[in-house]
Amino acid sequence: MKSKVHTFLLGVSALLVNHEFGFRVQGTYGSSMSPTISSTGEVLLVEVLSKRNRSGWVRNGDVIVLKAPYDSELSVCKRVTGMEGEYVEDSSGALLKVPMGKVWVEGDNRASSRDSRQYGPVPIGLVEGRVILRIFPPSKGLTLSNPRSERQD
């Protein structure tokens, strides 16, 4: 019973938040963003309203949801690791400059992620939203850490 009430409240909350504030609730699965996002799935709050003002909307280090460049029916969750004009390293180790109007995205679990290292820079128009916080499971906390920046400290 408690699980059904929880699911119902989550659903109603999602509808209200989406309608009033330009956010959506997004479920995830897969290992490409592990350990930041569990491979068994999590529920995230994604900001979609600010897409109207794309200038400065997405920043390096943000976790985003985007249409997969290889399948327009699929949305994927990745971290922005390069902005237009910045240099990034591709899968062969070569340095590439991210073209204007595009971003470079990678999964935090590089060994099991299909990302810009395979399909190249992604048009900013494919970005659907920016992950704001984790809703579920609450035991992992609300915010998403950046394991790459933590390793550099």
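Heads up: these notes are all about the structure in this document. Just so it is clear, the model here is predicted, and its values are computed rather than measured.

### Some points on the nonpolar core
Here comes step 1: Grouped together as the largest cluster of nonpolar side chains are 12 residues: Trp-57, Val-58, Ile-64, Leu-66, Ala-68, Val-76, Val-80, Met-83, Val-103, Val-105, Val-122 and Val-127.
Here comes step 2: The set of elements that each furnish at least two residues to this core consists of strand S3 (63-68), strand S4 (71-82) and strand S7 (102-106).
Here comes step 3: Other than its neighbours up to four places away in sequence, Ala-68 contacts Leu-74 and Val-76.
Here comes step 4: One finds Leu-44, Val-46, Val-65 and Cys-77 within the second-largest nonpolar core, a separate group that totals 8 residues.

### Structural notes on the environment of Tyr-29
Here comes step 1: Along the chain, the position of Tyr-29 falls in the loop between strand S1 (23-27) and strand S2 (43-47).
Here comes step 2: Taking the C-alpha atoms as reference, Tyr-29 lies 4.3 Å from Gly-41; in sequence the two are 12 residues apart.
Here comes step 3: Discounting residues that sit within four places of it in the chain, Tyr-29 has contacts with Ser-39 and Gly-41.

### Structural notes on the pairing of strand S9 (residues 127-136)
Here comes step 1: Here 5 bridges tie S2 to S9, and the two strands are oriented antiparallel to one another. Counterpart to Val-46 in the pairing with S9 is Val-131.

The rules behind the values
- What you see as residue numbers is a count from 1 along each chain, following the sequence as written.
- Given that this is a predicted model, residues contribute local features only at a pLDDT of at least 70 and side-chain atom pairs are listed and counted only at 80 or more, while totals for whole chains, interfaces and linings are drawn from all residues.
- Just so you know, side-chain values use all the structure's heavy atoms and leave hydrogens and water out.
- As used here, the term nonpolar core means buried Ala, Val, Leu, Ile, Met, Phe, Trp, Tyr and Cys residues forming a set that is joined through side-chain atoms within 4.5 Å.
- Remark: exposure states derive from per-residue accessible area (1.4 Å probe, protein chains only) relative to the maximum for the residue type, with buried under 20%, exposed over 50%, and partly exposed in between.
- Helix and strand assignments come from DSSP, with helices taken as H or I runs of at least 4 residues and strands as E runs of at least 2, each series counted from the N terminus.
- Two residues form a contact once any of their heavy atoms are found within 4.5 Å.
- A pair of strands is labelled paired if DSSP reports no fewer than 2 bridges between them.

Purely geometric numbers; function is a separate question.
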